[in-house]
Protein chains: 2
Amino acid sequence: MRRFVVVGQRASASPDFLLVDIPGTSGRLDVLLRCVRAALLVSHGLRRDTIVYLVLLGGPRAPRSIRIDGAAARYLRPDERSLATTIQKALAIDGRGGPSTLVRPGITVFEGGLDAVLDDLGDATPCVLEQGAEDLREVTIDLRNTVFFVGDHLGFDEPTRARLAALGPATVGLGPVSLQADDAIVLVQNELDRRDASAQTAG
Amino acid sequence: MRRFVVVGQRASASPDFLLVDIPGTSGRLDVLLRCVRAALLVSHGLRRDTIVYLVLLGGPRAPRSIRIDGAAARYLRPDERSLATTIQKALAIDGRGGPSTLVRPGITVFEGGLDAVLDDLGDATPCVLEQGAEDLREVTIDLRNTVFFVGDHLGFDEPTRARLAALGPATVGLGPVSLQADDAIVLVQNELDRRDASAQTAG
């Protein structure tokens, strides 16, 4: 199972944003939507082996988080507006159903932020994508039991950074240029694809 | 200079599409918009060394093409709606100004399809991204003088395929999984980033 956690410092945890101006009204939820596409969608299909968590730290209902599980999700389309509509509908639930609510197949809303996500993740190896760290192509950790933490366009806020540091994470770098969050996920998925294919050939 | 040509089999060459339903009304121009982002935008900046061509083969005004030059472009934002607005405004010019029109800094509309783009490209080495071809990470061609041709969600149409084959292009593969077009561009850009950095270190 491949897992990505994207932390949106100001991304809206409430559905009160406008589809005609997602960047300007949602705390840059658009950055996170592009991460969902990058993690889950391939040519004509969904990655059934991937789960994405969005940690939403912005707006009146924060913190909340959303888990999108490729094994169960249906009808995910790659364009930002479609993905925004899906997330907006999920965020519209009232949250009185308890700490987490399955809002439709594969999509769960958590009434909590990074801690709720860490509880849900269990004992996966944490890994933070970080400019200048050991190169993804060379790292020898077992990437397949790893959960990757990705910052948004602002990077990680200080409490998130401290919480992640306390986990003693591995760090992985992606090359010489600082990339947008979704591109970082694309590169990780490609490396995992390659390692899985090699493992199958070897096995 | 890094160059990418994305061919949209049905992508609208006219501005008559709806921003509230880009996938459904523009012949999947959204696929091409994501390619623009992937090619040109990095964390907090534009890739000044990259040019993207969109070949628009759909709708009443086809074929037309758009060139977006990272060295001159300004105010490009990563979200699909902003990019769609930019392209829609460019396509609204009447085309009576000749075979190509600079519509704003860095953005040129050509009143022609792949042939117009090939004329503009001059003598760069053509390279087609193709599942199963020699791996991008291993190829020994000089990727820096190469122009990469990328199909949309439908792949290349037959006339485009024949026209590209006549160029005797190199072919490059990206790994074991068939990816969306923008992800393919992300992987190429990362490889080019790495090779440029190695060349600088070696030099």
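The rules we used
- Position labels on residues start from 1 in each chain and follow its written sequence.
- Whichever chain is written first is A, and whichever ligand is written first is 1; the rest continue in order.
- This being a predicted model, a pLDDT of at least 70 is required before a residue's local features are given, and a value of 80 or more before pairs of side-chain atoms are given or counted; all residues contribute to the totals for chains, interfaces and linings.
- In computing side-chain properties, one takes all heavy atoms of the structure into account and sets aside hydrogens as well as water.
- For helices, the axis comes from a line fit to the C-alpha atoms of the stretch in contact; other axes are also lines fit to C-alpha atoms, and the angle between any two N-to-C directions lies between 0 and 180 degrees.
- Numbered from the N terminus, helices here are DSSP runs of H or I no shorter than four residues, and strands are runs of E no shorter than two.
- Working definition: roughly parallel below 35 degrees, roughly antiparallel above 145 degrees, roughly perpendicular at 65 to 115 degrees, and oblique for all remaining angles.
- Note on definitions: a residue-residue contact is assigned when non-hydrogen atoms from the two residues lie within 4.5 Å.
- Throughout this entry, Asp, Glu, Lys and Arg are counted as charged residues, while Ala, Val, Leu, Ile, Met, Phe, Trp, Tyr, Cys and Pro are counted as nonpolar. The remaining residues, Gly among them, count as polar.
- When the copies are superposed, the least-squares fit takes in the C-alpha atoms of residues with a pLDDT of at least 70 in both.
- Accessible area, probed at 1.4 Å, shrinks when two parts are joined; the buried area is that loss added up over both.
- Should a side-chain nitrogen of Lys or Arg be within 4 Å of a carboxyl oxygen of Asp or Glu, the pair is scored as a salt bridge.
- Nitrogen and oxygen atoms within 3.5 Å of one another constitute a polar contact, given that in protein one can donate a hydrogen and the other can accept it, and given that sequence-neighbouring residues count only through two side-chain atoms.
- Only strands joined by at least two bridges in the DSSP assignment are considered to pair.

Colleague: Before we go on, may I ask you to explain the packing of helix α6 (residues 181-202) of chain A against helix α6 (residues 181-202) of chain B in this structure?
Modeller: A pair of packed helices is captured by two measures, namely the crossing angle of their axes and the spacing between those axes. Axis separation between α6(A) and α6(B) bottoms out at 9 Å; the angle between their running directions is 85 degrees. The angle between α6(A) and α6(B) falls in the class roughly perpendicular. Each of D183(A), V186(A), L187(A) and N190(A) in α6(A) lies in contact with α6(B), whose residues at this interface are D183(B), V186(B), L187(B) and N190(B). Here the residues of the contact of α6(A) with α6(B) are counted per class, giving 4 nonpolar, 2 polar and 2 charged.

Colleague: Would you mind going over the relation of the copies chain A and chain B with me for this structure?
Modeller: For the pair chain A and chain B, the superposition axis carries a translation of 0.0 Å, the fit reaches an RMSD of 0.0 Å, and the rotation angle comes to 180 degrees. Put plainly, the chains are arranged around a two-fold axis. Here 100% of the contact residues of chain A are again contact residues in chain B; the copies associate through an equivalent surface.

Colleague: Teacher, can you tell me more about the interface of chain A and chain B here?
Modeller: Frequently, the measure chosen for interface size is the accessible area that the parts lose on association. On the chain B side, the residues contacting the 35 residues of chain A number 35 residues. Across the chain A/chain B interface, buried area totals approximately 3200 Å², and carbon plus sulfur atoms make up 48% of it. Summed over the three residues of chain A that lose the most area to chain B, namely R137(A), Q180(A) and R194(A), the buried surface amounts to 20% of that side. Applying the counting rule to chain A against chain B returns 8 salt bridges. With a shortest N-O distance of 2.6 Å, D183(B) and R37(A) are connected by a salt bridge. Scanning the region where chain A abuts chain B turns up 23 residue pairs in polar contact (both at pLDDT 80 or more). For the side of chain A that touches chain B, the elements supplying multiple residues, two or more each, are α2 (29-40), β2 (41-42), α3 (80-91) and α6 of chain A.

Colleague: Whenever I open this one, the sheet that holds strand β5 (residues 64-69) of chain B confuses me. Can you help?
Modeller: Backbone hydrogen bonds hold the strands of a sheet together, and the pairing may be parallel or antiparallel. Residue and element names in this part refer to chain B. Read from one edge to the other, the open sheet built from 8 strands follows the order β6-β7-β5-β4-β1-β9-β8-β10, with strand pairing classed as mixed. In the strand order of this sheet, the two ends are held by β6 (100-104) and β10 (170-172), each with one partner. Strand-to-strand, the axes of this sheet are offset by a mean angle of 25 degrees, without reference to chain direction. One ladder, built from 5 bridges, connects strand β1 (residues 2-12) with strand β9 (residues 146-151); its direction is parallel. What sits directly across from V7, in β9, is G151. This element, helix α2 (residues 29-40), spans β1, β4 (50-58) and β5 of the sheet and lies at about 175 degrees to β4.

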